[in-house]
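One-letter residues, chain by chain:
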Amino acid sequence: MIQLAKTLHADVLVAGGGIGGLCAAIAAAEGGARVILLEKADTRRSGSGATGNDHFACYYPPQHGDDMEVIVRELLDSMLGPFHDAALSRRFLKESIGMVERWHSWGINMKPFGDEYKFMGHAFPDRPRIFLKYDGHNQKAALTKQAVKSGVTILNHLPVVELLRNDDGVCGVLALDVSTPEPAFVTALAPRVILATGSASRLYSPAGTPGWLFNTAFCPACTGAAQAQAWRIGARLVNMEFPNRHAGPKFFARAGKSTWIGVYRYPDGEQLGPFVSRATREVGDITCDVWNSSFSDLIMNGRGPAYLDCSATSAEDLAFMREGMISEGLTGLLDYMDAHGIDPARHAVEFMQYEPHLIGRGLEIDIDGQTSVPGLYAAGDMVGNVRADIAGAAVYGWIAGRHAAGGLPGGTPATPDAGVVRRHQEFYSSFLRRPGGASWKEANMGLQQIMNDYAAAGPHRVRSASLLTAGLAYMRTLRRNAEEHLSAANAHELLRVVETLDLMDNGEAVMHAALERKESRGMHLRSDFTFTNPLLADKFLTIRREEGGAVIKEWRRRMN
Amino acid sequence: MPPVIDAGKCSRCGLCAAICPLGVFEQTERKTVPAVRYGEECWHCNACRLDCPSGAITLRIPLNYQLLHTDASQLHR
Ligand SMILES: Cc1cc2nc3c(=O)[nH]c(=O)nc-3n(C[C@H](O)[C@H](O)[C@H](O)COP(=O)(O)OP(=O)(O)OC[C@H]3O[C@@H](n4cnc5c(N)ncnc54)[C@H](O)[C@@H]3O)c2cc1C
Ligand code: SF4
Ligand code: SF4
């Protein structure tokens, strides 16, 4: 059996050192708590914000005026918007500028254009702009430095694999030391745990390059760990049935679309959307935020490909776009374009819709960032009822960290059931160097195959009760086979096994929720319920798993 | 294999192996040139190239990631 290297104690544990996790850890430490942050990779360069971002959603009264409701509407209408409890969106917006100021003071340049904050991009002509343009190329290093300065203990290469709870709530985590080829377990105990493990990539085959599991827009090391682990201890997930698909250049998925300044066109030059005929840094072409399925539609109806054409963009704005791409961490793409002579002033680049991933779908939190399990918090991409990407992770991480550090329980710390911990250890140890075993890749691809066919996302693909029911059965078989046959040669491969098993829980939760939503909405298209039911417009579906395995599905009103 | 290390330039500091979000490199012994052990798992985030203090890393983007494009003048005939 893999040995237990040590047991750690803290007031607050943070799982995941991305944007949300680092901000949560800093807030909790500044609130006086002893904080340990456990990160799968290295916080200086991990997660979807690894090499930068450049748009920070934010409410700033001097720019937007005193009526915040105008900006609330803008946020809810944006691509980030559809599945929010608006009360949480308001809390986020109220606290957003404070976070911007903190980031600026920590060395992330939130004012790259001089003394004032500048808002640009992702906007309809003549509507308020809610995205602050910033330079995030060094954001992970700066946040890491601030966390250390605040007294956070950062433990890298130590992914969390299970959450530990007792009757009162969460009480710690089981983590796997993958810093050397020989893995070891670490348990960490605390009355407060903040989950911040990011999105769930690798759940569906990469739409452009099936079989190339790591060609994903968001970080492929983010594999729905928090959703899966919280699901296993009975926390409520919300909005899991709604697929989300990002879009960007084809076939290079680690890119995204937001920094490009150009106009989307059909091959004959006609514009895809009605919004702008010439794009500028202030107002780009928002067509694909609004007509999300456009790139797929054009392939399916034969009118494609769809191109992004920057050739009419001014030289100054093209230079500005290049700077933006550096801030956003797209230097890999820029190097490639330079090496291959691809110049946005002369070449139009084809765009596509990427495969579904989970972002803004997952843990249900309350106004303070707490989940349905006492002591367990969540922030960032894996939260299901508020979403604002980089800004959402930062601000809600801060809110959760501050709340977790306040009102810590006194007395002797709770301990988990030793039998449960031992069973987890035995389970994960069983994969190590199993003779003649199967590779994690087989299981990950098997899972993607099932998700592609039985929990498909629109456009042009449907779900139905019979498909989803079959998918759930196939997933159970795959899981049984995986648990019996997967083999890992070392810590790295064992981590991939753990990720794959976590993704299976995500897939099952998606299918259970998709079965329950008996209507079509967004990219959740049911062939057996083709209409959109207005009575369900303001209804959120939550799901959780009871100890015996029963899945409880509950509907509630969206919070205003 | 996506990242390529120029062993002649590499100072064997191990930073790339420490920071790669996907664990692509393996440096089993200190002060050795890291091996690109899991190249297929590269996300092409470019962190290793940006952070390598010796400029020893280049990224080789796989052929099938080809960035599809056309002459923009084709769209304005
Ligand atoms: C190229 C690109 C550009 C983007 N640009 C923008 C932008 O301009 N504006 C914007 O708002 N958003 C942008 N985004 C999205 C933004 O980066 C994310 O929304 C944001 O990083 C989410 O923060 P997070 O903390 O939820 O997750 P992440 O920052 O992804 O962090 C998750 C962390 O958890 C770690 N982890 C995963 N599993 C475990 C585990 N089991 N145990 C411990 N640790 C674990 C990961 O290694 C990672 O460090 C962009 C994304 C990409 C990829
Ligand atoms: S970061 Fe650069 S110098 Fe350091 S080990 Fe890696 S390749 Fe060598
Ligand atoms: S580009 Fe990113 S994922 Fe690829 S090896 Fe370098 S650091 Fe790792």
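Residues numbered from 1 in each chain as written. Chains lettered and ligands numbered in written order. Predicted model: local features only at pLDDT ≥ 70, side-chain atom pairs only at ≥ 80, totals over all residues. Heavy atoms only, no water.

Explain the overall build of chain A to me, and be specific about the residues and the numbers.
Counting its secondary structure elements, chain A contains 15 helices and 19 strands. Taking 2.2 N^0.38 as the reference for a compact globule, 560 residues should give roughly 24 Å; the C-alpha atoms of chain A span a radius of gyration of 23 Å, in line with that estimate. In terms of principal-axis extent, the alpha carbons of chain A reach across some 65 × 50 × 50 Å. For chain A, with 560 residues in total, the buried portion stands at 64%. Sequence separation of at least 24 residues holds for 72% of the intrachain contacts in chain A that already meet a minimum separation of 6. Carbon and sulfur atoms make up 51% of the accessible area of chain A, which amounts to about 19,300 Å² in all. Between the averaged position of the 58 positive side-chain charges in chain A and that of its 62 negative side-chain charges there is a distance of 2 Å. (Helix = DSSP H or I, 4+ residues; strand = E, 2+ residues; numbered from the N terminus. Rg over C-alpha atoms; globule rule 2.2 N^0.38 Å. Buried < 20%, exposed > 50% of the residue type's maximum accessible area, 1.4 Å probe, protein only. Contact = heavy atoms within 4.5 Å. Areas by Shrake-Rupley, 256 points an atom, 1.4 Å probe, with all protein chains shown as cover. Lys, Arg positive; Asp, Glu negative; His and termini not counted. Charge placed at Lys NZ, Arg CZ, Asp CG, Glu CD.)

Please provide a residue-by-residue account of the sheet that holds strand β8 (residues 169-177) of chain A, values included.
All names here are of chain A. As summarised here, the arrangement of the four strands in space is β1-β9-β8-β7, forming an open sheet in which the pairing is mixed. The open sheet has two edge strands with one neighbour each: β1 (4-9) and β7 (160-166). Strand after strand, the sheet turns through a mean of 20 degrees between neighbouring axes, direction not considered. When β8 meets strand β9 (residues 184-189), the two strands line up antiparallel, connected through six bridges. Residue pairing for β9: Gly172 is matched across the bridge by Leu189. (Pairing = 2+ DSSP bridges. Axes fitted to C-alpha atoms, helices over the stretch in contact; angles between N-to-C directions.)

So what about the packing of helix α4 (residues 86-105) of chain A against helix α11 (residues 389-405) of chain A? Which residues, and what values?
Residues and elements named next belong to chain A. Relative to each other, α4 and α11 sit at 95 degrees, their axes nearing to 8 Å. Looking at the two axes, α4 sits roughly perpendicular to α11. The residues of α11 that touch α4, namely those facing Leu88, Arg91, Phe92, Glu95, Ser96, Met99, Arg102 and Trp103, are Ile390, Ala391, Gly392, Ala394, Val395, Tyr396, Trp398, Ile399 and Arg402. When its residues are assigned to classes, the contact of α4 with α11 shows 11 nonpolar, two polar and four charged. (Parallel < 35°, antiparallel > 145°, perpendicular 65-115°, else oblique. Nonpolar A, V, L, I, M, F, W, Y, C, P; charged D, E, K, R; others polar.)

I'd like a rundown of the interface of chain A and chain B, residues and numbers included.
Contacts between chain A and chain B engage 53 residues on the former and 38 residues on the latter. Summed over both partners, the interface of chain A with chain B comes to about 3,800 Å²; 61% of that surface belongs to carbon and sulfur atoms. Viewed at the interface, chain B and chain A are joined by four salt bridges. A salt bridge links B:Asp51 to A:Arg45, with the shortest nitrogen-to-oxygen separation between them at 2.8 Å. Our count for the chain A to chain B interface comes out at 18 residue pairs in polar contact (both at pLDDT 80 or more). Sorting the residues of the side of chain A that touches chain B by element identifies β14 (307-309), α10 (331-339), β15 (347-357), α13 (440-454) and α15 (491-516) of chain A as the ones contributing at least two each. With six residues, α10(A) is the single largest residue contributor to the side of chain A that touches chain B. (Buried area = accessible area lost by both parts, 1.4 Å probe. Salt bridge = Lys/Arg side-chain N within 4 Å of Asp/Glu carboxyl O. Polar contact = N/O pair within 3.5 Å; in protein donor to acceptor, adjacent residues only side chain to side chain.)

Now, about the domain arrangement of chain A: what can you tell me, with residues and values included?
All names here are of chain A. The domains assigned to chain A are domain 1 (246-356) and domain 2 (418-557). On a C-alpha basis, the centres of domain 1 and domain 2 stand 33 Å from each other. On the side of domain 2, four residues touch domain 1, which itself brings seven residues to the contact. At the surface where domain 1 touches domain 2, the tally comes to zero salt bridges. The interface formed by domain 1 and domain 2 includes one residue pair in polar contact (both at pLDDT 80 or more). Of all the elements in the fold, those that place two or more residues in the side of domain 1 that touches domain 2 are α8 (294-300) and β15. Here the side of domain 1 that touches domain 2 gets three residues from one element, more than from any other, and that element is α8. Partitioning the side of domain 1 that touches domain 2 into residue classes produces two nonpolar, four polar and one charged. (Domains from an automatic or database assignment.)

Please set out the site of ligand 2 residue by residue, giving values where relevant.
For ligand 2, the full set of nearby residues is B:Ile5, B:Cys10, B:Ser11, B:Arg12, B:Cys13, B:Gly14, B:Cys16, B:Pro34, B:Cys52, B:Pro53, B:Ser54 and B:Ile57. In terms of residue class, the shell around ligand 2 is made up of eight nonpolar, three polar and one charged. (Near = heavy atom within 4 Å.)

I'd like to hear about the sheet that holds strand β3 (residues 35-38) of chain A, residue by residue, with values.
Residue and element names in this part refer to chain A. Judged by pairing direction, the sheet is parallel, and its five strands sit side by side in the order β6-β3-β2-β10-β17 without closing on themselves. Only two strands of the sheet have a single neighbouring strand rather than two, namely β6 (153-155) and β17 (376-378). Within the sheet, the average angular offset between the axes of one strand and its neighbour, ignoring direction, is 20 degrees. The pairing of strand β2 (residues 12-15) with β3 spans four bridges and is classified as parallel. Directly across from Val12, in β3, lies its bridge partner Val35. Those strands touched by helix α1 (residues 19-30) are β2, β3, β6 and β10 (192-195), and its axis lies near 170 degrees from that of β3.

Lay out the packing of aromatic side chains in plain terms, naming residues and giving numbers.
Applying the stated criterion across every chain yields a total of 19 aromatic pairs over all chains. With a centroid separation of 5.2 Å and an interplanar angle of 75 degrees, the aromatic rings of A:Phe56 and A:Trp103 are classed as edge-to-face. Residue A:Phe56 is located in strand β4 (residues 55-57), and its partner A:Trp103 is located in helix α4; the two are separated by 47 residues in the primary sequence. Each of the two residues, A:Phe56 as well as A:Trp103, counts as buried. Their ring planes at 80 degrees and their centres at 5.8 Å tell us that A:Trp212 and B:Tyr65 sit as a pair that is edge-to-face. Placement of the pair is A:Trp212 in the loop between β10 and α6 (225-232) and B:Tyr65 in the loop between β4 (57-59) and β5 (69-71), with the two residues belonging to separate chains. Since its relative accessible area comes to 31%, A:Trp212 is described here as partly exposed. Three or more aromatic residues joined by ring pairs make a cluster, and in this case those are A:Trp212, A:Phe252, A:Tyr336 and B:Tyr65. For A:Arg254, the ring lying beneath its charged end belongs to B:Trp43, and the centroid distance is 4.3 Å. In this structure, A:Arg303 packs its charged tip against the face of A:Tyr266, placed 3.8 Å from the ring centre. (Phe/Tyr/Trp six-rings, centres within 6.5 Å; stacked < 30°, edge-to-face > 60°. Lys NZ or Arg CZ within 6 Å of the ring centre and 35° of its normal.)

Tell me what's going on with the pattern of salt bridges, and back it up with residues and numbers.
All names here are of chain A. Tallied over the full model, the rule gives 43 salt bridges over all chains. Salt-bridge contacts for Arg303 lead to Glu270; the nearest nitrogen and oxygen are separated by 3.2 Å. Highlighted residues: Arg303 in the loop between α8 and β14 and Glu270 in the loop between β13 (263-265) and α7 (287-290), separated in sequence by 33 residues. Each of the salt bridges in this network shares a partner with another, and the network as a whole consists of Glu162, Arg232, Arg479, Asp502, Asp505 and Glu508.

Please give an account of the environment of A:Lys133 that cites residues and values.
Residue and element names in this part refer to chain A. For Lys133, the location among the structural elements is in strand β5 (residues 131-133). Residues Lys133 and Ser327 lie 194 residues apart in sequence; the distance between their C-alpha atoms is 9.6 Å. Engagement of the side chain of Lys133 in a polar contact is seen with the side chain of Asp54, the distance being 2.6 Å.

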